[in-house]
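Structural features, examined
Now for the letters of each chain:
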Amino acid sequence: MRRVSIFGATGSIGQNTIDLIARAPDEYDVVALTGASNVAQLAADARRLGAELAVTADEARLPELRDALAGTGIEAAAGQAALEEAADRPTDWCMSAIVGAAGLVPGLRALRHGGTLALANKESLVCAGPLLMAEARAHGARVLPVDSEHSAVFQALADNDPGAVEKIVITASGGGLRDWPLDRLAQATVEEAGSHPNWDMGQRITIDSASMFNKAMELIETHEYFGTPPGGIEAVIHPQSIVHALVQFRDGALMAHLGAPDMRHAIGFALHWPERRDLPVDRVDLTALGSLEFSAPDPARYPALDLARAVIAGGGLRGAAFNAAKEAALDLFIGGEIAFTDMAPRVEATLNGLERRGCLDADRITLDMVLDTDRVARALTHAP
Ligand code: NAD
Ligand code: MG
């Protein structure tokens, strides 16, 4: 039996993870499931999987969670300290699928007992990649990517010499507003930006796909996972979302990873690695598809990409500032306070402001430095 925990169990990635685990109940011993507002779902899954512990991030919902778990023997807890305590319970495999920088500390704590951290929470890599990887090394833990592009790169690299990599190409669907005229983008509503042609995901990452802040985060993620310099990472638009990434080697060979747009592939790959097991995902029918299209993203439509390249080149605390500013700008857009096209200029202004104050340079980042930068960057984005 493998001991597993799922952080962010009630979200899109969490539910897909539960779908896979629930298909083989005899193989997994579920330790902790965590969620936030959706306590009914959290309790139902904890019962179904026989979890030891269910934690909601929202302290006000603890009585509701306790009621829903009454008589089951499943522990109920709430709040940040409870999330951290849940991460301290030893597991062989832990899914990090909380959305946002809130996933950083539980992920760092889960790494302390070795085992595998399946990392969907890309924000933790963007804001503290070197810290997270150092923690994994210090404890003999393994971080496996649960982002379709990075799982694809990991698979395309396989046993090849990492030193022979010339370029990594990640694909982007272009999001829900890809074909809109540029001059209409400023009017995009939260609903329009929050609907995706190919992927069924949480609201925040769906809007980030439309603005390509998601792809910008993924450029940084690529750098943190694979050590690729900014000039060696490319994002291309591929509307079908069938090719997830390609690795180009020094001899000119391009190894591509293709698959249906279903996150259960990347989740299942990380769950079963180094084995490959049957997964309930659609198979790609190449002749039914007929053709695959690729094009270069327009920097005027997707300014987030250039911001990310500057973050990679500068390093230090720029990732922490970028992630926090992006989260704050997204909050402002969702709250109706700024337009869709105001998000990138807001993030850029925050980065420039902190750069001028000399706040972003650091040879070695610590958790306190990351959390401080996160707080300051959010405040500055809300009140420039
Ligand atoms: P989601 O919004 O569907 O779910 C988020 C989860 O985090 C929920 O369980 C929610 O209860 C919990 N949560 C929210 N705020 C929290 C807080 N402050 N503290 C603790 N828990 C909190 O999001 P998602 O789409 O499942 O994405 C989860 C993560 O996976 C994100 O980092 C996202 O970028 C990444 N990711 C998602 C996809 C996808 O297909 N959905 C693909 C690649 C990467
Ligand atoms: Mg992705």
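Residues numbered from 1 in each chain as written. Chains lettered and ligands numbered in written order. Predicted model: local features only at pLDDT ≥ 70, side-chain atom pairs only at ≥ 80, totals over all residues. Heavy atoms only, no water.

Identification of the chain as 1-deoxy-D-xylulose 5-phosphate reductoisomerase from Jannaschia seohaensis is taken from an unreviewed UniProt entry. Under the UniProt heading Pathway (unreviewed entry), the entry covering the chain gives this text: "Isoprenoid biosynthesis; isopentenyl diphosphate biosynthesis via DXP pathway; isopentenyl diphosphate from 1-deoxy-D-xylulose 5-phosphate: step 1/6." The UniProt entry for the chain carries the following comment under Function (unreviewed entry): "Catalyzes the NADPH-dependent rearrangement and reduction of 1-deoxy-D-xylulose-5-phosphate (DXP) to 2-C-methyl-D-erythritol 4-phosphate (MEP)." (UniProt positions renumbered as here; feature names shortened; annotations may be inferred.)

1. Considerations on the coordination of the magnesium ion (ligand 2)
Around the magnesium ion (ligand 2), the donor atoms from the protein are D147 (OD), E149 (OE) and E218 (OE), and they sit 2.1 Å away. All donors of the magnesium ion (ligand 2) come from a single chain, and their spacing in sequence reads D-x1-E-x68-E. Classification of E149 as buried rests on a relative accessible area of 7%. (Donors = N, O, S within 2.8 Å, 3.2 Å for Na, K, Ca; no water. Buried < 20%, exposed > 50% of the residue type's maximum accessible area, 1.4 Å probe, protein only.)

2. Details of the state of the cysteines
Covalently bonding the sulfur atom of one cysteine to the sulfur atom of another cysteine gives a disulfide. With the rule as written, the count across this model stands at zero disulfides. The thiol of C127 is not disulfide-bonded; the next cysteine sulfur, from C94, is found 16 Å away. C127 sits in the buried class, given a relative accessible area of 3%. (Disulfide = S-S within 2.5 Å.)

3. Description of helix α6 (residues 122-138)
Between its first and last C-alpha, α6 extends only 21 Å over 17 residues, short of the 24 Å set by a 1.5 Å rise per residue. In α6, a bend of some 105° at A128 exceeds every other bend along the element, and P130, a proline, comes one to four places later. Buried within α6 are the following residues: K122, E123, S124, L125, V126, C127, A128, G129, L131, L132, M133 and A136. Among the residues trailing α6, G140 stands out with phi positive, at a value near 65°. (Helix = DSSP H or I, 4+ residues; strand = E, 2+ residues; numbered from the N terminus. Expected span 1.5 Å × (residues − 1). Bend = angle between axes of the 7 residues up to and from the residue.)

4. Comments concerning the sheet that holds strand β5 (residues 93-96)
Pairing is parallel across the open sheet formed by seven strands, whose spatial order is β4-β3-β2-β1-β5-β6-β7. Of all the strands in the sheet, the pair left with one neighbour each is β4 (75-78) and β7 (142-145). Each neighbouring strand pair of the sheet contributes to a mean axis angle of 20°, computed without reference to strand direction. Alignment of strand β6 (residues 116-119) against β7, held across four bridges, turns out to be parallel. Within the sheet, the bridge partner assigned to T116 lies in β7 and is R142. (Pairing = 2+ DSSP bridges. Axes fitted to C-alpha atoms, helices over the stretch in contact; angles between N-to-C directions.)

5. Concerning the nonpolar core
Formed by 86 residues in total, the largest nonpolar core has its most connected members in F322, F340 and M343. No other element matches the nine residues that helix α14 (residues 318-334) contributes to this core. Every residue in contact with F322, bar those within four places of it in the chain, is listed here: V126, F213, A216, M217, I220, A304, L307, A308, V311, V347 and L351. Formed by 35 residues, the second largest nonpolar core is a distinct cluster that contains V4, A43, L65 and L144. (Core = buried A, V, L, I, M, F, W, Y, C linked by side-chain atoms within 4.5 Å. Contact = heavy atoms within 4.5 Å.)

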